[in-house]
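Next come the chains, spelled out residue by residue.
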Amino acid sequence: IFSILGELGLPAIAVAWGASPITLVSSYLIGTRLFKMKTIPSLLMATGAMWCGASAISAIAAVVNAPKHEYVVCIGIVAAGTVIFTFVHPYFALLVGMDHSVAGAWIG
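Every value quoted in this text rests on a predicted model; they were computed, and no experiment measured them.

A few words on the overall build of the chain. Counting its secondary structure elements, the chain contains six helices and zero strands. For the chain, the spread of C-alpha atoms along the three principal axes comes to 45 × 25 × 25 Å. Put simply, 32% of the contacts in the chain that link residues at least 6 apart link residues at least 24 apart.

Have a look at this one:
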């Protein structure tokens, strides 16, 4: 793994470390401000969409004491989005001419 980091360099590390917090905060703000969602479901959706889906939602739901009906709906929505984007991502990467290494990291 360190040889890959050496090849990709500081920009890859900056993107990896910067993308997660930016995505989490912007997704949360879109949920609460644009879609007028409550705080907890918005946080759960942002976390699930950004990291590991259902497992991330479950972990955060336990920490914030989310009501079961809220986190179950969030898991369903994120899982449905995951199924859709599993098929969309590779074609999008091909469409925009993304390098295979970058596309693999992005999709994976």
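This is not the end of the story, as more comes after the structure.
Okay, the side chain of Ser 42 next. For Ser 42, the position within the fold is in helix H3 (residues 39-50). Among all residues touching Ser 42, those that are not within four sequence positions of it are Ser 27, Tyr 28, Gly 31, Thr 32 and Met 37.

Considering the arrangement of structural elements, one finds Glu 70 in helix H5 (residues 68-95). For Glu 70, a relative accessible area of 11% translates into the label buried. Not counting the four nearest positions on each side in its chain, Glu 70 is found in contact with Lys 38, Ile 40 and Pro 41.

All told, the structure shown has one salt bridge when counted by the stated rule. Glu 70 is the salt-bridge partner of Lys 38, the closest N and O atoms lying 3.9 Å from each other. Within this pair, whereas Lys 38 is found in the loop between helix H2 (10-34) and H3, its partner Glu 70 is found in helix H5, the two being separated by 32 residues in sequence.

Attention shifts here to the confidence of the model for the chain. Overall, the prediction assigns the chain a mean pLDDT of 90, with 96% of residues at 70 or greater. At the level of individual helices and strands, the chain shows its lowest average pLDDT in helix H1 (residues 2-8), which scores 70, and its highest in helix H4 (residues 54-64), which scores 96.

Turning our attention to H5. Along an α-helix, a turn takes 3.6 residues, which lines up residues three or four apart on a common side. Between its terminal C-alpha atoms H5 stretches 40 Å, which fits the 40 Å expected from 28 residues at 1.5 Å a residue. At Phe 85, H5 shows its maximal kink, close to 35°. Along H5, the residues classified as buried are Glu 70, Cys 74, Val 78 and Ala 93. Against H3, H4 and helix H6 (100-107) lie the buried residues of H5. Just beyond H5, the residue with positive phi is Gly 97, at close to 70°.

Contact geometry for H3 and H5: axes closest at 9 Å, N-to-C directions at 35°. Both H3 and H5 take part in a crossing whose hand is right-handed. Residue-level contacts link Ile 40, Pro 41, Leu 44, Met 45, Gly 48 and Ala 49 of H3 to Glu 70, Tyr 71, Cys 74, Ile 77 and Val 78 of H5. Residues belonging to the contact of H3 with H5 are distributed by class as follows: nine nonpolar, one polar and one charged.

Parameters and conventions
- Residues numbered from 1 in each chain as written.
- Predicted model: local features only at pLDDT ≥ 70, side-chain atom pairs only at ≥ 80, totals over all residues.
- Heavy atoms only, no water.
- Helix = DSSP H or I, 4+ residues; strand = E, 2+ residues; numbered from the N terminus.
- Contact = heavy atoms within 4.5 Å.
- Buried < 20%, exposed > 50% of the residue type's maximum accessible area, 1.4 Å probe, protein only.
- Salt bridge = Lys/Arg side-chain N within 4 Å of Asp/Glu carboxyl O.
- pLDDT = per-residue confidence, 0-100.
- Expected span 1.5 Å × (residues − 1).
- Bend = angle between axes of the 7 residues up to and from the residue.
- Axes fitted to C-alpha atoms, helices over the stretch in contact; angles between N-to-C directions.
- Left-handed = near helix turned anticlockwise from the far one by under 90°.
- Nonpolar A, V, L, I, M, F, W, Y, C, P; charged D, E, K, R; others polar.

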